[in-house]
Amino acid sequence: MRPVSYSRVPDVATAIGAVSADPDSTFLAGGTTQVDLLRIYVEQPGRLVDINDLPLRQVESVDGGGLRIGAVARMSDVAQAQVVRQGFPVISQALLLGASPQLRNMASIGGNLMQRVRCGYFRDLAAGCNKRAPGSGCAALHGINRGHAILGTSERCIATHPSDLAVALVALDAVVHTQNGSGGRAIPIDDFFLLPDDTPEREHPLDHGELIVSVEVPATKSAARSLYLKVRDRESYEFALVSVAVAIDLHGGAISEIRLALGGVATKPWRARQAERMLIGAPPTTENFTAAAREELLPAVPYGMNEFKIELARRCIVRALQAVTADNWQTATATGGTA
Ligand code: SF4
């Protein structure tokens, strides 16, 4: 590891000032991904500015039923907060199905959104990887790509976005609040994650020195009736092959509001808008769920080893919708398994 300087800052202004003043510096929160990447030379900042002392750990209700989460709140604290478990169960479930208990105790909400891809070639300095080294190619296109994306891909990168939390937040139309030296801005979360297109090295719209300070989730009719389904190769400490975040409101025997997002299948947390359009106003039947799932996956492009994800994603959408519309939906488990 090359030498890295380290400082711990007490407030947001100092943190932003320290990183903004030094192009070779970066923020350090929980460190659960970043320190790994430092050790294998994928990331090589000269200076780490530790933001763990910033007063950004709140998990609280706002604006008539919305939710605000501070950027350095721990995954485990957010997952267990009563306001989240009762009002936004999909967020709590997505957090608890991510990482391991030890990692959840350390990892921050802002860091979770900023985590890098889990593509093996991204972490292998001997492999071509446009995301790590722009212009060097993409070894995954014709390599081991069983876990890679089928939606939102480009010929430059097909890595899936790894966060479970982000899938739940995209379904709920969360907003990411940031600050830099000249003020703050609010970024709708669907705009916060960029498709790879020709610039896979650019994953977020953040400028250098711009700090995530909080994430806000608006109040909606559907958030309280929501769940997260995750299918993976093993039952813990594993990334999704396919995941589904769904929130729904039923009225008069029909779907009056629906929010649906997919994880594990796309280069960004994937809002399933086509399926939503087909289901709004429709009766909650398996036939309608199946038709919507089929339509949503029509644009999918497989890359060899990951073709199975198309059918798996269809089945996961149907299963998640069946679970969230069932009379006993609150006891429905969302722990994945065979779809
Ligand atoms: Fe790199 Fe993306 Fe290709 Fe993986 S899929 S090797 S992260 S460019």
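Structure's up top.
Here goes a summary of the coordinates provided. (Residues numbered from 1 in each chain as written. Predicted model: local features only at pLDDT ≥ 70, side-chain atom pairs only at ≥ 80, totals over all residues. Heavy atoms only, no water.)

## Section: the site of the ligand
Rule in force here: When we say a residue is near a molecule or strand, we mean one of its heavy atoms is within 4 Å of it. Under the convention adopted here, Pro, Cys and the residues Ala, Val, Leu, Ile, Met, Phe, Trp and Tyr are nonpolar, Asp, Glu, Lys and Arg are charged, and Gly plus all remaining residues are polar.
Neighbouring the ligand are 16 residues; Cys119, Cys129, Cys138, Arg156 and Cys157 lie closest to it. Along the lines of polarity and charge, the residues of the shell around the ligand split into 11 nonpolar, 3 polar and 2 charged.

## Some details on the packing of aromatic side chains
The description of an aromatic ring pair uses the distance of the two centres, along with the angle that the planes make with each other. Stated precisely, the cut-off is as follows: Only centres within 6.5 Å qualify two rings of Phe, Tyr or Trp (six-membered ring in Trp) as a pair; their planes then separate them into stacked at under 30 degrees, edge-to-face at over 60, and tilted for everything else. Summary of the burial criterion: residues with accessible area below 20% of their type's maximum are buried, those above 50% are exposed, and those between are partly exposed, where the area comes from a 1.4 Å probe applied to protein chains only.
Applying the stated criterion across every chain, the model contains 1 aromatic pair. Note on Phe192 and Phe193: the rings are 5.2 Å apart at their centroids and 90 degrees apart in plane angle, and the pair reads as edge-to-face. With respect to class, Phe192 is no different from Phe193; both count as buried.

## So, the environment of Ile280
We apply this condition: Every helix listed is a DSSP run of H or I at least four residues long, and every strand listed is a run of E at least two residues long, numbered separately from the N terminus. Residue contacts are defined here by distance: any two heavy atoms, one from each residue, within 4.5 Å place the two residues in contact.
In this fold, Ile280 is placed in the loop between helix H10 (273-279) and helix H11 (286-296). Spatially, the C-alpha atom of Ile280 lies 30 Å from that of Pro196, the residues being 84 residues apart in sequence. Other than its neighbours up to four places away in sequence, Ile280 contacts Ile255, Ser256, Glu257 and Ile258.

## Re the nonpolar core
Heads up, the condition is: For this analysis, a nonpolar core means a set of buried residues of the types Ala, Val, Leu, Ile, Met, Phe, Trp, Tyr and Cys, connected via side-chain atoms within 4.5 Å.
Judged by nonpolar contacts, the single largest core of 56 residues is most densely connected at Ile51, Ile91, Leu113, Leu169 and Phe192. Examining the composition of this core, we find that 7 residues originate from one element, helix H8 (residues 164-171), more than from any other. Not counting residues within four places of it along the chain, the set of residues in contact with Leu113 comprises His161, Leu165, Ala166, Leu169, Val176, Phe192, Phe193, His204 and Val215. Judged by nonpolar contacts, the second largest core, of 35 residues, contains Ile255, Val265, Ala266 and Ala275.

## Topic: empty space enclosed by the protein
The condition that has to hold: With a 1 Å grid spanning the protein atoms alone, the term cavity applies to any set of points in which a 1.4 Å probe fits but cannot get out, the term pocket to an open set with protein on both sides within 12 Å along at least five of seven lines, and the term lining residue to any residue with an atom within 4 Å of a point. Grid points are joined across faces, edges and corners, and a volume is the space filled by probe spheres set on the points.
Using the criterion set out here, one finds 3 cavities of 30 Å³ or more in the structure. Lining the largest cavity are 19 residues, and of these Lys131, His161, Leu194, Glu203 and Thr267 sit closest to its centre. Quantified by volume, the second largest cavity comes out at close to 100 Å³. The wall of the second largest cavity is formed by 17 residues, among which Cys119, Cys129, Cys138, Cys157 and Ala159 lie closest to the centre. For the lining of the second largest cavity, the class distribution of residues is 11 nonpolar, 4 polar and 2 charged.

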